[in-house]
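Descriptive structure summary
Below, each chain spelled out in residue letters.
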Amino acid sequence: MELTAKCKRSGQWWTVRVPEIRGLFTQTRRLDQVEEWVLDAASMLGDQPSEGYVVTVVPELEDDTLAVVTSVKEARERLRTSEKEAAVVNREAVKQLADQGLTVRDIGMILDVSPQRAHKLLKAA
């Protein structure tokens, strides 16, 4: 059974409610503790052992904070995509330079990487 742990900050604590199980409310100091506490409470209130549950932790944030967090996550995803694209182009460049007879030292100088990195890229190409 999937459980949604909706977490809201209240002073020094996170208050946690789980709408899928009536009466399941708890609190923790940190978000990394939520799953354990919810599983424990769910096994007491529900009809199955804790292994039968999957918990999704959902922090409920203020709109302006949520917008910033969303922006950061989107920027990280764009960065990951750009890094993957750069890696492909990097390998292609190394292969083309090597096909022209350049040494890994020359390739490294041209691409601004160490000769060791140029060699690894060449092996991967």
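This write-up is about the structure you can find in this document. (Residues numbered from 1 in each chain as written. Predicted model: local features only at pLDDT ≥ 70, side-chain atom pairs only at ≥ 80, totals over all residues. Heavy atoms only, no water.)

1. A few points about the sheet that holds strand β1 (residues 2-10)
Each strand in a sheet pairs with another by means of backbone hydrogen bonds, the pair being arranged parallel or else antiparallel. Judged by pairing direction, the sheet is mixed, and its four strands sit side by side in the order β3-β2-β1-β4 without closing on themselves. Each edge of the open sheet is held by one strand with a lone partner, namely β3 (25-28) and β4 (54-60). Averaged over all adjacent pairs, the angle separating strand axes in this sheet is 30°, with direction ignored. Sheet analysis places β1 next to β4, joined by seven bridges and oriented parallel. Residue pairing for β4: E2 is matched across the bridge by V54. (Pairing = 2+ DSSP bridges. Helix = DSSP H or I, 4+ residues; strand = E, 2+ residues; numbered from the N terminus. Axes fitted to C-alpha atoms, helices over the stretch in contact; angles between N-to-C directions.)

2. Structural notes on helix α2 (residues 63-99)
Taking 1.5 Å of rise per residue, 37 residues should cover 54 Å, and α2 covers 54 Å from first to last C-alpha, within 8% of that figure. Following α2 by one or two positions, G101 adopts a phi angle in the positive range, close to 90°. (Expected span 1.5 Å × (residues − 1).)

3. Things to note about the environment of T65
Structurally, the position occupied by T65 is in helix α2. Of the residues examined, T65 reaches a relative accessible area of 35% and is grouped as partly exposed. Measuring from C-alpha to C-alpha, the distance between T65 and W37 comes to 25 Å, with 28 residues separating the pair along the chain. (Buried < 20%, exposed > 50% of the residue type's maximum accessible area, 1.4 Å probe, protein only.)

4. Quick word on the pairing of β1
Summarising the sheet, β1 and strand β2 (residues 13-17) pair through five bridges and their orientation is antiparallel. Following the sheet pairing, R9 is matched in β2 by W14. Counting the residues that bridge the hairpin from β1 to β2 gives two residues, and of these G11 lies at a positive phi of roughly 65°.

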